[in-house]
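Now for the letters of each chain:
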Amino acid sequence: MITKAKLSSFFGEHFKWSMPNLFSDSLTPSQLLYDRSLLFAVLALISFGFVMVMSASMPEAQTLTGNPFHFVWRHGAYLVGCVIIAVVVLQIEMQYWQRFSPLLLLVVGLMLFAVLLVGTTVNGATRWLSIGPIRIQVAEIAKFAFAIYMAGYLVRRHQEIRENAKGFYKPIAVFAAYAILILMQPDLGTVVVLFVGTVGLLFLAGARLFDFFALILAGILAFVALVLLEPYRMRRVTSFLDPWQDPFGSGYQLTQSLMAYGRGDWFGQGLGNSIQKLEYLPEAHTDFIFAVIGEELGFIGIIAVLAVLLFVALRAIKLGNMCLALDRAFEGYLAYGIGIWICFQTVVNVGASIGMLPTKGLTLPFISYGGSSLWVMTAAVMLLIRIDYERRLSVVQAVEGRANKQ
């Protein structure tokens, strides 16, 4: 029987009790109070990402800095940050995230505005705030903050969203404000992720179909207009449609990525044996790391990686269903939002590297090099762990409460 002492703290008595039994089947999922499979999947992705960043980044690091381990050491430092973020997020109760979601949205909005004034510019884009030695891409934090805000809004205005157009378009106005600030950096990829997450959550919350389809149509028209108004975005779209028309110009990155996949065949060239990472493929350790995975580990390797990422996304969706069944609406919608976010960003990153979608500059979750993306994704998945912990705890306490009454 589970005692109250064992349920008292996620990091205290509970962890001392459960960790020695991590690989044991003697405890039921509800007794464990956390999702082992989700935790192991994420740890596997982050560990695999570290290995692939090491493999993909060494040639470029040698050229740029003279130290082949330059990006490896930095990525290791990011992983230390992930541990700190995980510890902090896991200790915060979900009620606080719900209570302070509007404040979090406001703070991140002010940070987005600050980027435009004092941000750091890299490769022509002003997307980073420098705080001492740490450089933060605020648009990544915006995805996190907006998912939490949307979950809180859907709980507060659930009936209004179902019955009134006003309730539907209020969060769209907030999204539009965020989108304008992010597009001024410029960063169209993040805006697309935010839009898909917003649309997905409104649909799951039961928004009227007329409002829903009107929003999708408006979003598509806005996307087309944004592409047509910016020559560099138009070049990306045209090069994506036929990269071989200009293989040494606008189509260079995609053609090199496709060559990497072609060399990979079924089982790959072997870890560390990629040719394209030898400064043929730009952004080999960031946006196009999946092409290096395909070249070194082959079709089998990329299917394995996609399977684990799909598992994490589906786990989040399933968690959302279970929370809604227990009338934990905020946690349910937030889990939905995180699942949609991880799934869609994976689709965009992989789709761009294989030539199915235009290049958007989005990282591969948990795997690509980049501190901001890795930290924010870690925070998001730790929220899932915390949501599942509170759900399981409530179930166990309910069962014990009924048992005590009997």
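This is a predicted model, so every value here is computed, not measured. (Residues numbered from 1 in each chain as written. Predicted model: local features only at pLDDT ≥ 70, side-chain atom pairs only at ≥ 80, totals over all residues. Heavy atoms only, no water.)

Student: Quick one: what's the story with the overall build of the protein, residue by residue and with numbers?
Tutor: Assigned secondary structure in the protein consists of 17 helices and 3 strands. For a compact globule of 406 residues, the expected C-alpha radius of gyration is about 22 Å, and the protein comes in at 22 Å, within 12% of that figure. If you line up the protein on its principal axes, its C-alpha atoms span 75 × 50 × 40 Å. Here the contacts in the protein between residues at least 6 apart in sequence split such that 68% fall between residues at least 24 apart. (Helix = DSSP H or I, 4+ residues; strand = E, 2+ residues; numbered from the N terminus. Rg over C-alpha atoms; globule rule 2.2 N^0.38 Å. Contact = heavy atoms within 4.5 Å.)

Student: Talk me through the environment of Ala-145; I want residue IDs and the actual numbers.
Tutor: Here Ala-145 is to be found in helix H8 (residues 138-156). Taking relative accessible area as the criterion, Ala-145 reaches 0% and is therefore assigned buried. Residues Ala-145 and Asp-265 lie 120 residues apart in sequence; the distance between their C-alpha atoms is 40 Å. (Buried < 20%, exposed > 50% of the residue type's maximum accessible area, 1.4 Å probe, protein only.)

Student: So what about the pairing of strand S2 (residues 125-131)? Which residues, and what values?
Tutor: Burial within S2 is extensive, with 5 of its 7 residues counted as buried. Here strand S1 (residues 120-122) pairs with S2 via 3 bridges, running antiparallel. Across the sheet, residue Val-122 finds its bridge partner in S2, namely Ala-125. The hairpin formed by S2 and strand S3 (residues 134-137) contains 2 residues between the paired strands, and Gly-132 there has a positive phi angle of roughly 65 degrees. (Pairing = 2+ DSSP bridges.)

Student: Hey, could you go over the pattern of salt bridges for me, with residue numbers and the actual values?
Tutor: Counted according to the given criterion, the structure contains 11 salt bridges. A salt bridge links Glu-160 to Arg-157, with the shortest nitrogen-to-oxygen separation between them at 3.6 Å. Between Arg-391 and Asp-388 there is a salt bridge, with the nearest N and O atoms lying 2.9 Å from each other. In this pair, Arg-391 and Asp-388 both sit in helix H17 (residues 371-405), 3 residues apart, roughly one turn of the helix. Considered together, Arg-391 and Asp-388 belong to a single accessibility category, that of buried residues. (Salt bridge = Lys/Arg side-chain N within 4 Å of Asp/Glu carboxyl O.)

Student: Tell me about helix H15 (residues 289-325), residues and numbers included.
Tutor: Its 37 residues give H15 an end-to-end C-alpha distance of only 39 Å, which falls more than 12% under 54 Å, the value for a rise of 1.5 Å per residue. Along H15, the sharpest kink reaches roughly 125 degrees, centred on Leu-297. Once H15 ends, the next one or two residues include Asp-327, with phi positive near 60 degrees. (Expected span 1.5 Å × (residues − 1). Bend = angle between axes of the 7 residues up to and from the residue.)

Student: Outline the sheet that holds S3, supporting the account with residue identities and numerical values.
Tutor: Read across the open sheet, the 3 strands follow the order S1-S2-S3; overall the sheet is antiparallel. Two strands bound the open sheet, and with one partner strand each, they are S1 and S3. Strand-to-strand twist across the sheet, computed as the mean angle between neighbouring axes with direction ignored, equals 45 degrees. In the packing of helix H7 (residues 101-118) onto the sheet, the strands contacted are S1 and S2, and the crossing angle to S2 comes to about 100 degrees. Relative to S3, H8 is tilted by about 55 degrees, and along the sheet it contacts S2 and S3. (Axes fitted to C-alpha atoms, helices over the stretch in contact; angles between N-to-C directions.)

Student: How would you summarise the layout of surface pockets if you had to cite specific residues and measurements?
Tutor: Considering only enclosed or pocket space, the second largest pocket measures out at about 620 Å³ in volume. Together, 29 residues line the second largest pocket, and Val-192, Phe-195, Gly-219, Ile-220 and Phe-223 are the ones closest to its centre. Listed by contribution, the elements that provide at least two residues to the lining of the second largest pocket are helix H10 (165-183), helix H11 (188-204), helix H12 (209-229) and helix H16 (329-353). No other element matches H12, which puts 9 residues into the lining of the second largest pocket. Tallied by class, residues from the lining of the second largest pocket come to 26 nonpolar, 2 polar and 1 charged. (1 Å grid on protein atoms, 1.4 Å probe; cavity = no way out; pocket = protein on both sides within 12 Å on 5 of 7 lines; lining within 4 Å. Points joined across faces, edges and corners; volume = space filled by probe spheres on them. Nonpolar A, V, L, I, M, F, W, Y, C, P; charged D, E, K, R; others polar.)

Student: Residue-level account of the environment of Leu-79, with values.
Tutor: With respect to the secondary-structure elements, Leu-79 resides in helix H5 (residues 70-91). Leu-79 sits 148 residues away from Val-227 along the chain, and the two C-alpha atoms are 36 Å apart. Leaving out residues up to four positions away in the same chain, Leu-79 has contacts with Ile-46, Phe-50 and Leu-374.

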